[in-house]
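# Summary of structural features
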Amino acid sequence: EQPRIIRLEETTSTNNYLRGLVGKESLPEGSIVVTEYQTAGRGQVGNTWESEPGKNLMFSVILYPDFLPANRQFLISQIAALSVKETLDAYVDGITVKWPNDIYWHDQKICGMLIENDLTGHSLYCSVIGIGININQREFLSDALNPVSLVQITGREYDREEILNSFLKRLYDRYLGLLQEKEEEIRSAYMAALYRGNGFHPYQDEQGVFQACIQGIEPTGHLILKTDNGEVRRYAFKEVSVVN
Ligand code: BTN
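Predicted, not measured: the structure shown is a model, and the values here were computed from it.

### Section: the pairing of strand E10 (residues 223-227)
Buried residues dominate E10, accounting for 4 of its 5 residues. Pairing analysis gives 5 bridges linking strand E9 (residues 208-217) to E10, with the strands arranged antiparallel. When the sheet's bridge partners are listed, alanine 212 is paired in E10 with threonine 227. Where E9 folds back onto E10 in an antiparallel hairpin, the turn is made up of 5 residues, including glycine 221, whose phi is positive at roughly 100 degrees. Where E10 and strand E11 (residues 232-235) come together, 4 bridges link them in antiparallel fashion. Its bridge partner lying in E11, isoleucine 224 is registered against arginine 234. Linking E10 back to E11 in an antiparallel pair, the connection comprises 4 residues, with glycine 230 at a positive phi of about 85 degrees.

Following this line, the structure appears as structure tokens:
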């Protein structure tokens, strides 16, 4: 069955909209919801996602990765992040993936992702990958997320449809790679794409700020940092952040 493409002028959040269809309507794998404007766009850690109408890309894709055990959900984050990074590489230099799945241009955030997985038993059932990429927006109301857009970087406006199609093609390729168990390939591409992947940088956890370098990332997605006094620390999402 062909994936559906649902285009909405406005919605609360494409993640909410897509998740609302699961189990109610036929929703083939790879179906997407795209919108021009979200009235309640959601970010990670309860943040909101700001985007001027008609300027950027905001969409959600549904996958059914039932071949993945629940403790390998991070692979979905990795393929989504790599697909955005590789898409944007065609337009500008300096794109990296900030663990776990923000996309940065140098020290600024150009894309955010909200991935919501549903499980059945110990496997994944469906994964809703919500993505916001800043494209033609020239100014942002809030600097909280340290945002940047393609137009701010190059001074040119971009065809959002072309960027969306390029992303979807890469995501399907990466997803096929996952089906073919090319996990090592995904892992090494992700490590190579990391923001501040080498050397010591400031991090902040609930204890305070410290200098550390990335020692590794576990298959579960936990970040392993080595501090400047040799201590190894292990973090789940949201337990640590990079200080800019
Ligand atoms: C973040 O960086 O905090 C995640 C932002 C995710 C934003 C996208 S826009 C499309 C989709 N729908 C939402 O409500 N959020 C995601």
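### Examining the site of the ligand
The full set close to the ligand counts 20 residues, and Ser13, Gln38, Arg42, Gln44 and Lys109 are the nearest of them. Residue arginine 42 places a main-chain N or O atom 2.7 Å away from an oxygen atom belonging to the ligand. Within the side chain of lysine 109, an N or O atom sits 2.5 Å from an oxygen atom of the ligand. Protein contact buries 99% of the 410 Å² of open area that the ligand shows by itself. Looking at the shell around the ligand, the elements that each hand over two or more residues are helix H1 (14-21), strand E3 (57-63), strand E6 (108-120) and strand E7 (123-133). Broken down by element, the shell around the ligand gets its largest block of residues, 4 residues, from E6. In terms of residue class, the shell around the ligand is built from 6 nonpolar, 11 polar and 3 charged.

### Things to note about the pattern of salt bridges
Applying the stated criterion to the full structure yields 17 salt bridges. Glutamate 25 serves as the salt-bridge partner of arginine 4, at 2.9 Å between the closest nitrogen and oxygen. A residue pair is termed long-range when its members are at least 10 positions apart, and arginine 4 in the segment before strand E1 (5-8) and glutamate 25 in the loop between H1 and strand E2 (32-35) qualify at 21 residues. We classify arginine 4 as partly exposed; its relative accessible area is 29%. A salt bridge links glutamate 161 to arginine 7, with the shortest nitrogen-to-oxygen separation between them at 2.6 Å. Placement of the pair is glutamate 161 in helix H4 (residues 160-179) and arginine 7 in strand E1, with a sequence separation of 154 residues. In the salt-bridge network here, residues are joined through shared partners; they are Arg19, Arg42, Glu116 and Asp118.

### Remarks on the domain arrangement of the protein chain
Considered domain by domain, the protein chain is made up of domain 1 (5-193) and domain 2 (201-242). Centre-to-centre separation of domain 1 and domain 2, based on C-alpha positions: 24 Å. Taken together, the contact between domain 1 and domain 2 spans 10 residues of the former and 15 residues of the latter. On inspection of domain 1 and its partner domain 2, the count reaches 1 residue pair in polar contact (both at pLDDT 80 or more). Counting residues per element, the side of domain 1 that touches domain 2 draws most heavily on helix H5 (residues 183-193), which supplies 3 residues. Across the side of domain 1 that touches domain 2, the residue classes break down as 6 nonpolar, 1 polar and 3 charged.

### With respect to helix H2 (residues 74-89)
Owing to its 3.6 residues per turn, the α-helix aligns residues three or four sequence positions apart on the same side. The end-to-end C-alpha separation of H2 is 22 Å, in line with the 22 Å expected for 16 residues at 1.5 Å each. Here H2 lies mainly inside the structure; 14 of its 16 residues are buried.

### Structural notes on the environment of proline 202
Relative to the elements of secondary structure, proline 202 occurs in strand E8 (residues 201-205). For proline 202, a relative accessible area of 23% corresponds to the partly exposed category. With 41 residues separating them along the chain, proline 202 and valine 243 place their C-alpha atoms 5.4 Å apart. The residues contacting proline 202, other than those within four sequence positions of it, are Arg196, Val209, Phe210, Gln211, Val242 and Val243.

Reading the values: the criteria
- Residues numbered from 1 in each chain as written.
- Predicted model: local features only at pLDDT ≥ 70, side-chain atom pairs only at ≥ 80, totals over all residues.
- Heavy atoms only, no water.
- Buried < 20%, exposed > 50% of the residue type's maximum accessible area, 1.4 Å probe, protein only.
- Helix = DSSP H or I, 4+ residues; strand = E, 2+ residues; numbered from the N terminus.
- Pairing = 2+ DSSP bridges.
- Near = heavy atom within 4 Å.
- Polar contact = N/O pair within 3.5 Å; in protein donor to acceptor, adjacent residues only side chain to side chain.
- Areas by Shrake-Rupley, 256 points an atom, 1.4 Å probe, with all protein chains shown as cover.
- Nonpolar A, V, L, I, M, F, W, Y, C, P; charged D, E, K, R; others polar.
- Salt bridge = Lys/Arg side-chain N within 4 Å of Asp/Glu carboxyl O.
- Domains from an automatic or database assignment.
- Contact = heavy atoms within 4.5 Å.
- Expected span 1.5 Å × (residues − 1).

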